[in-house]
Structures are given as structure tokens and as C-alpha cells.
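# Structural overview for review
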Amino acid sequence: MTPTAAAATARSTRCDTWALVTSIAIALPIAWGDYVHRVFSAGDTWHMHSAYWPVTGLWTLAIIAVLYLSLHVVFCSLDRSFKQSQPTSTDTSREKRQPTRASHPFAAHVAIICICWSPYLLLRFPGNLDPDTQWQLLEFYGLASRTDQHPWFDTLVFGAFWQLGKALGSFAWSLLLYEFIQMACTACTFALCIRWMHNAGLPRTLQRFTLIFAALYPAIPLFAQTMAKDMLFAWPYLLFLLCLAEAARTRGAAFASWRFVGAFGVVTCLMMLTKKTGLYIAVISCIVLIAYIWWWSRRDQRQPHAFTRAIAMLCAALALVGGVWQHVALPAMGVQPGPSKETMSIITQQTALYIAWHGDEMSDEDWQTVSDVFTDAHNLGTVYDPYRADATKDSWVSNAPSAAKWRFLRWYAATMLRNPGVFFISWGATALPLLYPDTTTQADESFVSYRNNLPAASTSPSAIGSEAYLCWQTGDTTADSLARVQALMRSSYRPAWAARIADSFDTAYAWLEHYTPVLFIKATFTTWIPLICAAYCLRRRNGLGLVMLVPAFVTLATLAAAAIVLPRYLVASVYALPLALAAAVAR
């Protein structure tokens, strides 16, 4: 055997550490998710059987083995591709990584994506509307108290389109025009991703995949045609990822252009304005980027502007959004801050499950501590829904005294240390779609999709129920309140012919989900692919790829703390899939 062949054999028999670590990181949460799912499944007692854990251990090891072999093959294949395409020059100076400009069929890609999406204009004519958006419209027109619980910037955007529809004689125009513009913006953003991949010299296969994925994956146009805060957030999020990737790829050289600094700052502000979690994603990602630029600047002192301009951009965005917008503009418009209950989802769920399972062990002092911060503490165990925290978080008293909140948090921490299993099971149930290939717990929202939320006609049960619920939320259920809600909503409803088409499409989409579930599993987009890409970046010691993946993991953390993992919360993760793959092969 030649020395070269011997070395190749040694490499193939050596344990692939990162493939093994990734396999374990995927398989163990699946096993845990299976247990949690069975705990809350009515009539399922298999998890109580003495053989459950040995059997679970065996199939978990089988999953680890299959994943390990698959990832090892993929990683070795990528290694060979990198070795074959390795440039002859070893010069890694900043000049070799300047922003590039190359000819690219941007307009053609936008046209292809829009043509492929055009049938959805008919399938869900005149568009789609999220229930939260309906509430935001009530706030915009003064039919509900103005708060920033749902970002007020989004409320202003939706209200502006509603005003435009009113001027044109029908709110159906509001949805249709918004649908056209948002789909065009989203298509352009995907085309920009392909252009960036082209300019960065990434594989053509990845560019083609991005085009096919954007044009043909059915959930994307369903998201893009919907008037909702998560969809309005998703394409600025993708633009933010592009700016982050370009700044990291050029090791800060992109900041030499003030136009780039301005564009990065604008998309950062847009991301923070359109969704609450955008602030965390922007700040953490930019801090990591600044640290990455600083690390490279120690080797190359010829472009000191990169580090300072990156810091200035982030500080300016924070000052505009966190300072001027939050503390000047919103109060001037009479908008109140959102309630603190939105950050308490996990804690309220864990408390409710503890009460449901161990309430009889609580002392009078314990009950008093919990009652000080919940409106109906004794009923928490009854309203507890393992997969959705809305009922428990709505019981949280946002304006409770600080002393009562601190007393409760001390009780919570002590109780969690005594009963860690209850608390981990509760969190596992709420975050189940991030850990486990869940296909049942949220009914038709268990997959990556977006349901038809727009009522069919003013006399349909869905319309009547939606209008009554909106009135109930406002606290005014009088006939006058109902009439105002109807005047604001009814002309936007789907015509009867369009409703029949939409229902037929929903049936076909449900059939597709049922027979190809692997394409629509939530954890694929939020957890598994980012983990695999990060593992390969660590294997190659690819700092650029790791920087590009920071937003994906911050997004995952925000989803893990959410009240429920709805499909619309995953829009940004779905859109970002091609860039996550790009991170693995970026250099």
C-alpha cells in the first residue's frame, strides 16, 4: 500500500468527531421529545413501562449510527470538494476578499420566482390575513387600546394599506396590493441571496438549489402573500443576514463603503422595528461580527475603519430604535408599552404543570406567593395546555409589585431545584416542534405551512366567529362595537368562488404534508440544518460560517422561549435555509 493510500485509509477509519457530536445532539432531543409527547398523549402508557427506556435507548443509538454515517459521508464529500477547489495562492489578505461585482441574471431570477408564485394569487385571492393583524387594525382605527405588544411599526404599515383600500372602495384592495408588494420584496431578496452566492464564488449547485427552493417550496409564497408581522419581518431578516455575511466574508472591508454602512443600518433598524425578537438577533449577531472583525484587524491594520464603523452602525441603530422610536415616537402617538407577560411563557407553563401535578403538596404560603402574581393561581393547572402557553401567560399579573415578583421567582427557583423533571417536561412540551419530528400536537399547524385565515363571506361561520371574538377582545360586545368591526373587516373577505378554490388547495396541501412529512417538519429548519452546518464549520474551523449562523441560533433560542412554535414564527428560519447551507461552504 502506498503512503498516500495508507493515509486515506487512516482518515476514513478515524472517528469523525463533529459528525458524532451532531448525531448525538439531534438524536437525544428526539428521544426526549418522544417521551414528552407520550406523557401528554391521552391513553398512552408505554412511557411508564419498564421496557420503555431500554427500547428508547436502542432506537436512539440506531438513529445516532445512521446520522453519523450519513454526516460522515457528506462531510468527507465536502472536504474533497474543498480540496479540489483550493486556490493555489495562500494569500488571505484583505485585498483578496474585497466585495466583488459580477454579472448576474438578477432580474431573470426575480421573474422566475414571481412566475412560480403567481398561481398563489388565485389560490388565495385576494391574500391572507393573520388574526393578530386584525387586532392591530383595530388598534390603528382606535377600536382597541394602542399598545406596542404587536410592533407599532407593523401596525402603521398595515393601517396605511387599509387606508389605501378604503380610498379605493374595498379593503380587498388592501390585501391584494400588500400581497403584490411583499411578494415582490421577498422575491427580490431571494434573488439577492443568489447574487451574493455568485459574487462570493459559492458552488453553482447551491445557487440553483436556492432558486428552486424559493420558487417551488410551497410554504414560501403562502408566507409571502400574508399580511402579518412575521412575514413583514422575514425579508428584512434575510437582508440583514446578507449584510452580515458580506461584512464577515470581507473581514470588514465592506464597511469601507458608506453606502454599505447605510444599507446595513437600515435593514438592522427594519428588523428591530418589525418584530420584538429582531432586537436580540441584531445586537447579538452584530457583537459577534464586531469581535470577528476585531480579531482579523489585529493581523491587518490597513483598514481601521471597519471596526469603528461596525460599532457606530450598531449604536446608531440602537439609538434610533431603542431610543428615539421607543421613548419619543411611541409616547407621542399615545402607544403604551406591551405587557411583560410575553416574556413569561416558559415560567408560567412550568408553574402551571407543577400545580397540576404537585398542587396538593403546596403550603398556604406557597399558594399565597403564586397568587400574588397570577390572577387565578388555583385554576392554573386546569387551564394548562402543554403545547401552548397563552392561557397561563394571560394569568400573569404584569403590574404586580416588584417585591411579589421577586418572592415568586425565589419560590420558582427553589421548587425547580426540588422537582427539575416537571420543569424540563413542561418546557419540552412547549418547545416540542424544535426537538422532535412533531406532526400532530398543533393539528394543521404542526407542519411548516400557513392556514387560510381569511373568512369566506360575511355570513360564514368563520366570519361571524372572528368578528365576535374581536369584539370580545376589545371588551365591548355591544351591537355598535360589532358594527364597527364589521365595517372594518367585511369588504376584505374572500369571495365565494375564491373560497372554494382556497379550500381545495388546502386539501391538496394537507395531502402533500401527510405523504411527504420530512419536507415540512419544523425542526428541520429551526434546529437540525443549523446544527449540521455549524458542526461542519467547526470541523473546518470556518469562522465566517459560524458568524453567518449566529442569527439562526439566536432565533432558535427565541423560539425555545416562545408561548408556542406556530408556523408563522418559523418564516425567517425557512427563508434563511439557503444561507445556512451557504455558511457551511463559505470561505
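These numbers come from a predicted model, not from an experiment.

Summing up its helical and strand segments, the chain has 27 helices and two strands in all. In terms of overall size, the chain behaves like a compact globule, its C-alpha atoms giving a radius of gyration of 26 Å where 587 residues would be expected to give roughly 25 Å. Dimensions of the chain, computed from the C-alpha atoms along their principal axes, are close to 85 × 65 × 50 Å. Classification of the 587 residues of the chain by burial places 52% in the buried group. A sequence separation of at least 24 residues applies to 80% of the contacts in the chain between residues at least 6 apart. One finds the centroid of the 43 positive side-chain charges in the chain at a distance of 16 Å from the centroid of its 35 negative side-chain charges.

This brings us to helix α25 (residues 543-560). Between its terminal C-alpha atoms α25 stretches 25 Å, which fits the 26 Å expected from 18 residues at 1.5 Å a residue. If you look at α25, its biggest bend is around 35 degrees, right at leucine 549, and the proline proline 551 turns up within four residues after that. Across the 18 residues that make up α25, a large majority, 13, are buried. The opening residue of α25 is asparagine 542, an N-cap whose side-chain oxygen sits 3.3 Å from the backbone nitrogen of leucine 544.

Before going further, it helps to spend a moment on the environment of isoleucine 220. Along the chain, the position of isoleucine 220 falls in helix α9 (residues 219-224). Sequence separation between isoleucine 220 and aspartate 372 is 152 residues; the distance between their C-alpha atoms is 44 Å. Ignoring sequence-local partners within four residues, the contact set of isoleucine 220 consists of Trp117, Phe190, Phe213, Ala214, Val574 and Tyr575.

What follows covers the packing of helix α10 (residues 229-249) against helix α12 (residues 277-297). Closest axis-to-axis distance for the α10/α12 pair is 10 Å, and the angle between their directions is 5 degrees. In terms of axis orientation, α10 runs roughly parallel to α12. Along the contact surface, α10 presents Phe233, Tyr237, Phe240, Leu244, Ala247 and Ala248, while α12 presents Gly278, Ile281, Ala282, Ser285, Cys286, Leu289 and Tyr292. Taken together, the residues of the contact of α10 with α12 sort by class into eleven nonpolar, two polar and no charged.

On to the nonpolar core. Core analysis: the largest hydrophobic core is formed by 172 residues, its most contacted members being Trp196 and Phe264. Sorting elements by how many residues they give to this core places α10 first, with 16 residues. Discounting chain neighbours no more than four positions away, the residues touching tryptophan 196 are Leu202, Leu242, Ala245, Glu246, Arg249, Met548, Leu579 and Ala582.

A few words on the pattern of salt bridges. Overall, the coordinates contain 17 salt bridges when judged by the stated rule. Between aspartate 230 and arginine 568 there is a salt bridge; the shortest N-O distance is 2.4 Å. With aspartate 230 in helix α10 and arginine 568 in the loop between α25 and α26 (571-575), this pair connects stretches of sequence that are 338 residues apart. Note on accessibility: aspartate 230 and arginine 568 belong to one class, buried.

For the structure on display, the rule yields 39 aromatic pairs. Summarising the aromatic geometry, the rings of phenylalanine 153 and tryptophan 325 are spaced 6.3 Å apart at their centres and angled 75 degrees between planes, so their arrangement reads as edge-to-face. Here phenylalanine 153 is found in helix α6 (residues 152-168), whereas its partner tryptophan 325 is found in helix α13 (residues 305-332), with 172 residues between them in sequence. The class for phenylalanine 153 is partly exposed, based on a relative accessible area of 21%.

As for its position among the elements, tryptophan 296 is in helix α12. With a relative accessible area of 13%, tryptophan 296 lands in the buried category. Between the alpha carbons of tryptophan 296 and alanine 282 there is a distance of 21 Å; along the sequence they are 14 residues apart.

Moving on, we get to the packing of helix α7 (residues 171-199) against α10. How two helices sit against one another is set out by the angle between their axes and by the gap between those axes. Remark: α7 packs on α10, axes separated minimally by 10 Å, with the N-to-C direction vectors making an angle of 20 degrees. When the axis of α7 is compared with that of α10, the two are roughly parallel. Once α7 is placed against α10, the crossing between them reads as left-handed. In this structure, α7 contributes Tyr178, Gln182, Cys185, Thr186, Thr189, Phe190, Leu192, Cys193 and Trp196 to the contact, and α10 contributes Met231, Leu232, Trp235, Leu238, Leu239, Leu242, Ala245, Glu246 and Arg249. Here the residues of the contact of α7 with α10 sort into 13 nonpolar, three polar and two charged.

Of the consecutive residues phenylalanine 125 and proline 126, the connecting peptide bond is found in the cis state with omega at 0 degrees. Of note, proline 126 is situated in the loop between α4 (106-123) and β1 (128-129). The phi torsion at arginine 251 lies on the positive side, around 55 degrees, for a residue other than glycine. With respect to the helices and strands, arginine 251 occurs in the loop between α10 and α11 (258-274). Even without a glycine there, the phi angle at alanine 443 is positive, about 55 degrees.

Analysis parameters
- Residues numbered from 1 in each chain as written.
- Predicted model: local features only at pLDDT ≥ 70, side-chain atom pairs only at ≥ 80, totals over all residues.
- Heavy atoms only, no water.
- Helix = DSSP H or I, 4+ residues; strand = E, 2+ residues; numbered from the N terminus.
- Rg over C-alpha atoms; globule rule 2.2 N^0.38 Å.
- Buried < 20%, exposed > 50% of the residue type's maximum accessible area, 1.4 Å probe, protein only.
- Contact = heavy atoms within 4.5 Å.
- Lys, Arg positive; Asp, Glu negative; His and termini not counted.
- Charge placed at Lys NZ, Arg CZ, Asp CG, Glu CD.
- Expected span 1.5 Å × (residues − 1).
- Bend = angle between axes of the 7 residues up to and from the residue.
- Polar contact = N/O pair within 3.5 Å; in protein donor to acceptor, adjacent residues only side chain to side chain.
- Axes fitted to C-alpha atoms, helices over the stretch in contact; angles between N-to-C directions.
- Parallel < 35°, antiparallel > 145°, perpendicular 65-115°, else oblique.
- Nonpolar A, V, L, I, M, F, W, Y, C, P; charged D, E, K, R; others polar.
- Core = buried A, V, L, I, M, F, W, Y, C linked by side-chain atoms within 4.5 Å.
- Salt bridge = Lys/Arg side-chain N within 4 Å of Asp/Glu carboxyl O.
- Phe/Tyr/Trp six-rings, centres within 6.5 Å; stacked < 30°, edge-to-face > 60°.
- Left-handed = near helix turned anticlockwise from the far one by under 90°.

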